[in-house]
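So the chains spell out like this:
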Amino acid sequence: MKYILLMNGTKAGVRSYLEWSQQDRDDHMAVLQRLNKELTASGEFVATQGLAAPHEAMLVKGERDGLPMTDGVFPESKEFLLGYWIVDVATPERAYAVAARISAAPGPGGVPTNMPIEVRRFASHPERKS
Amino acid sequence: MKFILMMTGTKANWDEYSKWSKEDLERNVAFMRTFTKQLKDEGVFVATEGLGWPNQAKVVQAGKDGAPITDGIFPESKEFLAGYWIVDVENPQEAYKIAARASAAPGLGGKPSNIPIEVRQVLGGHADLGLYLPDL
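Sequence order as written defines residue numbering, which begins from 1 separately in each chain. Chain labels run from A onward and ligand labels from 1 onward, assigned in the order the entries are written. Local features in this predicted model are restricted to residues of pLDDT 70 or higher, and side-chain atom pairs are both shown and tallied only at a pLDDT of 80 or more, whereas totals for entire chains, interfaces and linings draw on every residue.

Caption draft 1: Representation of the overall build of chain A. The way it works is that DSSP assigns letters per residue, a run of H or I at least four long becomes a helix, a run of E at least two long becomes a strand, and they are numbered from the N terminus. Per the secondary structure count, chain A includes three helices and six strands. In chain A, the succession of α and β elements from N to C terminus is β-α-α-β-β-β-β-α-β. Seen through its C-alpha atoms, chain A measures out along the principal axes to roughly 50 × 45 × 20 Å. Residues with at least 20 neighbouring C-beta atoms inside 10 Å of their own are called buried, those with 12 or fewer are called exposed, and the rest are partly exposed, where every C-beta is derived from the backbone. Residues counted as buried form 35% of the 130 residues belonging to chain A. The long-range fraction of contacts in chain A, counting pairs at least 24 apart against all pairs at least 6 apart in sequence, stands at 71%. C-beta atoms are first placed from the backbone for all residues, and any pair lying within 7 Å is then listed as a contact.

Here it is as structure tokens:
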């Protein structure tokens, strides 16, 4: 069963992350990279991606005169996708356990961020070949 | 440059979608299949996925002992990811054009749904925002 683990945050959340010390960031990333390695070793890793900053986000809604209608203004409360992991696991509980590992990654001073991670199952695609 | 084009919706949007006629649903799904094929033919396709329904969504936080604490309650205003495409194009404008095509997917009665599509650049495997966001 494939699940996507979504890390979301507001612009304010991203700004506070940028105030972390380099050491705190390195420690945080080291834990996440170790997790990626473990998931690869267990055969559960499918993909992970980080997204560019929310201030580069653009909303596209239809087109006018053949040109896309774009809007880059979002409410402060908007949750932006910051990054995701895709895992192929045996049970939903395993997906939750992996999400908890991400949530427990250290923040400033090594204290777990306990950041909420949204866990979503992929829709099944019976017609899909790959 | 890789971009992710995300279709999101609130639970209210999903409830509306579930009331679409079979004809409208089939037209929409047929469009999506053709759209994916077009992106492949154009050489810009990287990936696409549809997600399960929001009523199956869980949010997970690590507890004190690191064990997962799951919660399935979300505010009504919450935007759930419904599905996405990842495309590899020359510049953001190309990504916006593709997003506009997705936005024009047929809705009720075959009219363009004009659903908003969020376009974001995808950076790579290790989401160290610090590397990519020197000045926000």
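Caption draft 2: Seen up close, helix α2 (residues 22-41) of chain A. Residue and element names in this part refer to chain A. Compared with an ideal rise of 1.5 Å per residue, which puts 20 residues at 28 Å, α2 spans 28 Å between its outermost C-alpha atoms and is within 8% of the ideal. Among the residues of α2, His28, Leu32 and Leu39 are the ones counted as buried. Down the axis of α2, the buried set is contained in an arc of 30°. They therefore lie on one face. Seen from the buried face of α2, the exposed residues on the opposite side, beyond 90 degrees, are Gln22, Gln23, Ala30, Arg34, Lys37, Thr40 and Ala41. Take the residue count of a helix, subtract one, and multiply by 1.5 Å to get its expected span. The arc in question is the one spanned by the directions pointing from the helix axis to the C-beta atoms.

Caption draft 3: Spatial organisation of the pairing of strand β2 (residues 45-51) of chain A. Here a strand pair is declared whenever DSSP counts at least two bridges between the two strands. Across five bridges, β2(A) lies against strand β5 (residues 80-88) of chain A in antiparallel orientation. Bridging from a neighbouring strand, A:Gln49 pairs with A:Tyr84 of β5(A). Bridge count for β2(A) against strand β6 (residues 117-124) of chain B is two bridges, and the pairing is antiparallel. Note on β6(B): the bridge partner recorded for A:Leu51 is B:Val122.

Caption draft 4: Looking closely at helix α3 (residues 92-103) of chain B. A rise of 1.5 Å per residue sets the reference length of α3(B), with its 12 residues, at 16 Å; its end C-alpha atoms lie 16 Å apart and thus fit the reference within 8%. Listed in full, the buried residues belonging to α3(B) are B:Ala95, B:Tyr96, B:Ile98, B:Ala99, B:Ala100, B:Ala102 and B:Ser103. Buried residues along α3(B) sit in contact with β3 (58-64) and β4 (67-71) of chain A together with β1 (2-9), α2 (22-41), β5 (80-88) and β6 of chain B.

Caption draft 5: Representation of the interface of chain A and chain B in the model. Each side of the interface is counted separately: chain A has 46 residues, and chain B has 45 residues. Here the side of chain A that touches chain B gets six residues from one element, more than from any other, and that element is β3(A).

Caption draft 6: Representation of the environment of B:Lys78 within the structure. Residues and elements named next belong to chain B. For Lys78, the position within the fold is in the loop between β4 (68-71) and β5. Residue classification places Lys78 among the partly exposed residues on the basis of 17 C-beta atoms within 10 Å. Residues Lys78 and Gly109 lie 31 residues apart in sequence; the distance between their C-alpha atoms is 27 Å.

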